[in-house]
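In case you want the letters, here they are:
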Amino acid sequence: EVIDGGGKILTPGFIDLHAHFRDPGYEWNEDLTSGTKAGAAGGFTTLVAMPNTKPAICDPALIEYVLSHGKAAGASRILPAGCVSKDRKGVEMAELRKMAEAGAVFFTDDGSPVATSDLLRLALLYAGKDLPRIMEHPEETSLCTNGQVREGRVSAMSGLKGMPAASEEIDVARGIALARETEGRIHFTHVSC
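Read on for a plain summary of the structure.

Analysis parameters
Residues numbered from 1 in each chain as written. Predicted model: local features only at pLDDT ≥ 70, side-chain atom pairs only at ≥ 80, totals over all residues. Heavy atoms only, no water. Helix = DSSP H or I, 4+ residues; strand = E, 2+ residues; numbered from the N terminus. Polar contact = N/O pair within 3.5 Å; in protein donor to acceptor, adjacent residues only side chain to side chain. Contact = heavy atoms within 4.5 Å. Axes fitted to C-alpha atoms, helices over the stretch in contact; angles between N-to-C directions. Parallel < 35°, antiparallel > 145°, perpendicular 65-115°, else oblique. Left-handed = near helix turned anticlockwise from the far one by under 90°. Nonpolar A, V, L, I, M, F, W, Y, C, P; charged D, E, K, R; others polar. Salt bridge = Lys/Arg side-chain N within 4 Å of Asp/Glu carboxyl O. Buried < 20%, exposed > 50% of the residue type's maximum accessible area, 1.4 Å probe, protein only.

Regarding the side chain of E136
Next up, step 1: Mapped onto the secondary structure, E136 falls in strand β5 (residues 134-136).
Next up, step 2: For E136, the side chain forms a polar contact with the main-chain nitrogen of V114, separated by 3.0 Å.
Next up, step 3: Every residue in contact with E136, bar those within four places of it in the chain, is listed here: P113, V114, L120, D171, R174, I186, H187, F188 and T189.

In structure tokens, the structure reads:
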């Protein structure tokens with residue numbers, strides 16, 4: 001059978017490493033069923049669900065919840081990311097190994113950077129090369145408080161509070177230094193500032 005693909009693009013399915021479904025807890029914004037169907041409609045065959053939900057995805061039972069509900073939706077495959085810290089509070093490291101065994105593919109406190117350098121260092125050491133890598137939301141929060149857009153011409157002209165590029169650069173430098181020291185693996189995601 002020959003299918004005329006003129007004017008079309010044929011690719012493998014796209015993968016979104018940073019998807020927000022807000023399920024559990026904020027299902028009225030997006031749930032796993034609607035999210036996986038929207039992803040499939042856009043050509044995404046795999047989506048990684050961020051853990052900044054309520055409750056935060058920081059234990060094996062919630063990893064299993066995301067996997068089972070994503071599979072039941074019957075569209076794109078959903079893979080869960082687990083939190084670096086318990087409840088995303090930045091105080092105590094979550095059970096990384098148990099979440100990895102349950103199916104977590106990244107660890108992140110997404111929506112916030114890992115709160116302290118000590119905690120990020122510990123997570124990088126613990127995850128090492130055997131567990132999924134740490135995904136950092138690079139932001140020095142003291143520089144972005146109440147920020148609305150990237151600092152620059154647009155923020156100045158619009159009157160919106162700007163967030164300096166240094167905010168991301170500082171946290172990326174921290175992550176690189178700690179990954180180099182620990183020989184851990186880190187992935188930096190995008191932020192809005």
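Now that the structure is up, let's keep going.
A look at unusual backbone geometry
Next up, step 1: A cis geometry characterises the amide bond from D23 onward to P24, with omega recorded as 20 degrees.
Next up, step 2: Among the structural elements, P24 can be located in the loop between β1 (14-19) and α1 (32-41).
Next up, step 3: With an omega of 5 degrees, the peptide bond running from K54 to P55 counts as cis.
Next up, step 4: Here P55 is to be found in the loop between β2 (44-49) and α2 (60-73).
Next up, step 5: Even without being a glycine, R22 presents a positive backbone phi close to 60 degrees.

Regarding the packing of α1 against α2
Next up, step 1: Packing of α1 against α2 brings their axes to within 8 Å, and their N-to-C directions diverge by 55 degrees. It follows that α1 is oblique to α2 by the angle criterion. Remark: the crossing between α1 and α2 carries right-handed chirality. In contact with L32, T33, T36 and K37 of α1, α2 contributes Y65, V66, H69, G70 and A73.
Next up, step 2: Grouping the amino acids of the contact of α1 with α2 by side-chain chemistry returns 4 nonpolar, 4 polar and 1 charged.

Quick look at the pattern of salt bridges
Here the idea is simple: oppositely charged side chains can pair when their charged atoms come close.
Next up, step 1: A full pass over the atoms with the stated rule returns 5 salt bridges.
Next up, step 2: Close ionic contact of E136 with R174 constitutes a salt bridge, the shortest N to O distance being 2.7 Å. Separated by 38 residues along the polypeptide, E136 in strand β5 and R174 in helix α6 (residues 166-182) bring together distant segments of the chain.
Next up, step 3: Assessed through its relative accessible area of 0%, E136 is described here as buried.
Next up, step 4: Residue R174 is classed as buried on the basis of its relative accessible area of 16%.
Next up, step 5: With a closest N to O distance of 2.7 Å, E168 and R150 form a salt bridge. Here E168 is found in helix α6, whereas its partner R150 is found in strand β6 (residues 149-150), with 18 residues between them in sequence.
Next up, step 6: Beyond isolated ion pairs, a larger network of salt bridges with shared partners links E136, D171 and R174.

Digging into the environment of E151
Next up, step 1: Mapped onto the fold, E151 is located in the loop between β6 and α5 (153-158).
Next up, step 2: On the accessibility criterion, E151 (49% relative accessible area) is partly exposed.
Next up, step 3: Remark: the alpha-carbon pair of E151 and A81, spanning 70 residues in sequence, is separated by 30 Å.

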